[in-house]
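# Close look at the chain arrangement
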Amino acid sequence: MDIKDTIYGEMTFPGRSALRTIRVSGELSQKAVTRLFDRGSALLKNPNRVFNGKLLDLRGKVVDDIVCIFFQKPKSYTGEDIVEFHCHGSEGIIRILSSSLESLGIRKAKNGEFSFRAFLEGKISLKEARRLKKIMEAQTELESSVAFESQDIIERELGFIKEKIIKLLSIWEARIDFPEEVPQKETNRWKDELIPLQKRIKKLLEKSASGKKIREGFKVAIFGAPNSGKSSLFNTLLGRERAIVTPHPGTTRDILEETLDVEGIPITFLDMAGVRNTSRKIEKKGVEKALKEAKIADLVLFLFDGKKGWKKSDEEFLALLSQKNVIKVATKKDLYKKKVFSEGVFEISNLSGFGISRLLRKISSELKKNIPDNNFLFLQKEEYSTIEKVSSLFNEAYLTISKGEDALSADLLKRALFEIDRLFKIDSFESIYDSIFSDFCIGK
Ligand SMILES: Nc1nc2c(ncn2[C@@H]2O[C@H](COP(=O)(O)OP(=O)(O)OP(=O)(O)O)[C@@H](O)[C@H]2O)c(=O)[nH]1
Ligand SMILES: [Mg+2]
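Residues numbered from 1 in each chain as written. Chains lettered and ligands numbered in written order. Predicted model: local features only at pLDDT ≥ 70, side-chain atom pairs only at ≥ 80, totals over all residues.

## Observations concerning the overall build of the chain
Of regular secondary structure, the chain possesses 14 helices and 12 strands. The C-alpha radius of gyration of the chain comes to 30 Å, more than 25% above the 22 Å expected for a compact globule of 444 residues. Expressed as a percentage of its 444 residues, the buried residues of the chain come to 34%. Partitioning the intrachain contacts of the chain with sequence separation of at least 6 by distance along the chain shows that 63% fall at a separation of at least 24. (Helix = DSSP H or I, 4+ residues; strand = E, 2+ residues; numbered from the N terminus. Rg over C-alpha atoms; globule rule 2.2 N^0.38 Å. Buried ≥ 20, exposed ≤ 12 C-beta atoms within 10 Å, placed from the backbone. Contact = placed C-beta atoms within 7 Å.)

Here it is, written out as structure tokens:
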């Protein structure tokens, strides 16, 4: 990657839209403005100001009415001259502008190259770049709400833990080398110092595990007797005819999965075969599969036909599930007037939509019980596994120190140190680009 080149990239998302923005960074930005913007010289004399004017092609023909901004180096995102072309959101205009820029010797940026340059110019720190990566990777409202602070927390916590390990090791190593010179009370202090640190890592791990769950999402099984309306509810939730629905019991045979964002949580709903006692081989397989999936789901919606009521066979399947987290749902509310069900039964109609939004709220509030209020971290996979490893190394170190195996526990702490260092290690600028910036989009 030549960092001397002038580069361009689209900051907005491709496709028809109100506006699309192309950003140029580098020495040739001024040339681009002079050639392609009719008020180029005024713009260059007034950095950071928004100018309305005409976009020109290379022959000087007006092709669009645009807004342009010039940021003079070093007071720009990358530290180089930058110009932003805010055009109308047409593919044709973007193509004309891109090919004009390329004819002027400006090349298309690589993913994250603008931010990488900002980093090289000292405009953003490595920590800010990692934070940026988190902000852009966050998919749901919940993730975005903690992405910003997560980077600060993980760096602060792991930094603190690292410092403490180094301190502990310096005392421990002395004890290992000169055992006779270290009084017994030092050993106890050593153990005592491990406990609060172990607790701190455990807390960090819990917060991280909740975040991992939110990233991976929750599984909600739609379970119940044949013909109870499972596939209909699945379709209603998705807002499209994804599953086949017929009046014949035994329509669904296999598992269907679709993920929805419900109040900021990714939830995968599973439609499955209806459960009943049957000797037919194919149906039996479907029932076994449904039971297996429902048992491992985070939540089960246990559907039954509200008109027919809760049956003995429903009770038997409920017992088989051994699932703690179950919501009983009476369907086909449109087919009956008033019925008394046991407490906690949700009545819905897939036909009229009755009770659906209430059910969704209930589902999300049940799942949110597993998430401490905003008390979770949005982490990359490697970050999570580092915390997991450090935590288990600490547990091991505590056990070995309790057994008096000093050298072994010191080794375990050294390994924890190594894991933390590896996470933040920088080998070269290429490795920084690969591990952080290459996942960014082109215009970033
Ligand atoms: N009136 C009414 N009919 C419904 C409702 N929900 C489902 N049905 C009907 O009930 C029948 C069975 O619906 P499905 O959604 O296929 O039921 P299922 O539980 O997926 O059935 P299997 O796949 O066989 O286990 C269809 O004829 C649906 O139109 C509802 O809320 N009201
Ligand atoms: Mg079905």
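## Here we look at the sheet that holds strand 9 (residues 265-271)
Strand pairing in a sheet takes place through backbone hydrogen bonds and is either antiparallel or parallel in direction. Ordered by their spatial adjacency, six strands build an open sheet running 8-9-7-10-11-12, and the pairing between neighbours is mixed. The open sheet has two edge strands, strand 8 (256-262) and strand 12 (346-347), and neither has a second partner. Taken together, the two bridges between strand 11 (residues 326-331) and strand 12 define a ladder with parallel strand orientation. The partner of Ala-330 across the bridge, within strand 12, is Glu-347. (Pairing = 2+ DSSP bridges.)

## A word on the domain arrangement of the chain
The assigned domain composition of the chain is domain 1 (7-122), domain 2 (136-215 + 380-435) and domain 3 (217-368). Inter-centroid distance (C-alpha atoms) of domain 1 to domain 2 is 45 Å. (Domains from an automatic or database assignment.)

## Let's talk about the sheet that holds strand 6 (residues 107-108)
Taken together, the six strands give an open sheet; going across it, the order is 3-4-5-2-1-6, and neighbouring strands pair in mixed fashion. Each edge of the open sheet carries a strand with a single partner, namely strand 3 (50-56) and strand 6. Looking at chain direction, strand 2 (residues 17-25) and strand 5 (residues 82-89) are connected through eight bridges and run antiparallel. Bridged to Leu-19 within strand 5 is His-88. Where helix 1 (residues 29-36) meets the sheet, it contacts strand 2, strand 3, strand 4 (62-71) and strand 5, and its direction lies at approximately 40 degrees from that of strand 5. (Axes fitted to C-alpha atoms, helices over the stretch in contact; angles between N-to-C directions.)

## Things to note about the site of ligand 1
Neighbouring residues of ligand 1: 23 residues in total, closest Gly-229, Ser-231, Ser-232, Thr-252 and Gly-274. Examining the composition of the shell around ligand 1, we find that three residues originate from one element, helix 8 (residues 230-238), more than from any other. Its residues assigned to classes, the shell around ligand 1 shows seven nonpolar, 13 polar and three charged. (Near = placed C-beta within 6 Å. Nonpolar A, V, L, I, M, F, W, Y, C, P; charged D, E, K, R; others polar.)

## Some words on the environment of Lys-54
On the secondary structure map, Lys-54 appears in strand 3. Residue class for Lys-54 comes out partly exposed when judged on the 15 C-beta atoms lying within 10 Å of it. Taking the C-alpha atoms as reference points, Lys-54 and Ser-364, separated by 310 residues in sequence, lie 50 Å from one another. Not counting residues up to four positions away in its chain, the partners in contact with Lys-54 are Asp-38, Val-62 and Asp-65.

## Here's the deal with the nonpolar core
Counting 61 residues, the largest nonpolar core has Val-220, Ala-221, Ile-222, Phe-223, Val-300, Leu-301 and Leu-303 as the members making the most contacts within it. No other element matches the eight residues that helix 6 (residues 141-177) contributes to this core. Counting the residues that make up this core, at least three belong to each of domain 2 (136-215 + 380-435) and domain 3 (217-368). Setting aside residues up to four positions removed in sequence, Leu-303 forms contacts with Ile-222, Phe-223, Gly-224, Ser-228, Gly-229, Lys-230, Leu-233, Val-329 and Thr-331. With 36 residues, the next largest nonpolar core counts Leu-28, Leu-43, Phe-71 and Ile-94 among its residues. (Core = buried A, V, L, I, M, F, W, Y, C linked by C-beta atoms within 7 Å.)

## Observations concerning the packing of helix 12 (residues 381-402) against helix 13 (residues 406-424)
The interhelical angle for the contact between helix 12 and helix 13, taken along N-to-C directions, is 170 degrees, at an axis separation of 8 Å. Classified by the angle their axes make, helix 12 and helix 13 are roughly antiparallel. On the side of helix 12, the interface is formed by Glu-382, Glu-383, Thr-386, Lys-389, Val-390, Leu-393, Phe-394, Glu-396, Ala-397, Thr-400 and Ile-401, while helix 13 contributes Asp-406, Leu-408, Ser-409, Leu-412, Leu-413, Arg-415, Ala-416, Glu-419, Ile-420 and Leu-423. Grouping the amino acids of the contact of helix 12 with helix 13 by side-chain chemistry returns 11 nonpolar, three polar and seven charged. (Parallel < 35°, antiparallel > 145°, perpendicular 65-115°, else oblique.)

## A look at helix 4 (residues 113-120)
Taken across its eight residues, helix 4 has seven buried, putting it largely inside the fold. If you check which residues of helix 4 are buried, you get Glu-113, Phe-114, Ser-115, Phe-116, Arg-117, Ala-118 and Phe-119. Among the structural elements, strand 1 (7-10), strand 2, helix 5 (126-137) and helix 14 (429-435) are those in contact with the buried residues of helix 4.

## Structural notes on the packing of helix 5 against helix 6
Helix packing geometry: the angle between the two helix axes and the distance between the axes. Helix 6 packs onto helix 5 with a crossing angle of 140 degrees between their chain directions and a minimal axis gap of 8 Å. The orientation of helix 5 with respect to helix 6, classified from their angle, is oblique. Relative to helix 6, helix 5 is oriented so that their crossing is right-handed. Between helix 5, through Lys-127, Arg-130, Arg-131, Lys-134 and Ile-135, and helix 6, the contact on the second element is made entirely by Ala-147, Phe-148, Ser-150, Gln-151 and Glu-155. Across the contact of helix 5 with helix 6, the residue classes break down as three nonpolar, two polar and five charged. (Left-handed = near helix turned anticlockwise from the far one by under 90°.)

## Section: the pairing of strand 2
Relative to strand 2, strand 1 runs antiparallel, the two being bridged by four bridges. Along strand 2, the bridge assignment pairs Gly-9 with Arg-23. The loop that links strand 1 with its antiparallel partner strand 2 comprises six residues; one of these, Gly-15, has a positive phi angle of about 125 degrees.

## Side note on the pairing of strand 11
With six bridges connecting them, strand 10 (residues 299-305) and strand 11 associate as parallel partners. Of the residues in strand 11, the one forming a bridge with Phe-304 is Ala-330.

## Section: unusual backbone geometry
For the bond running from Lys-73 to Pro-74, omega is 0 degrees, close enough to zero to count as cis. Mapped onto the secondary structure, Pro-74 falls in the loop between strand 4 and strand 5. With a phi close to 75 degrees, Asn-227 is a non-glycine residue in the positive phi region. For Asn-227, the location among the structural elements is in the loop between strand 7 (218-224) and helix 8. Backbone geometry at Lys-332 places phi at a positive 60 degrees, although glycine is not the residue there. Position of Lys-332 among the secondary structure elements: in the loop between strand 11 and strand 12.

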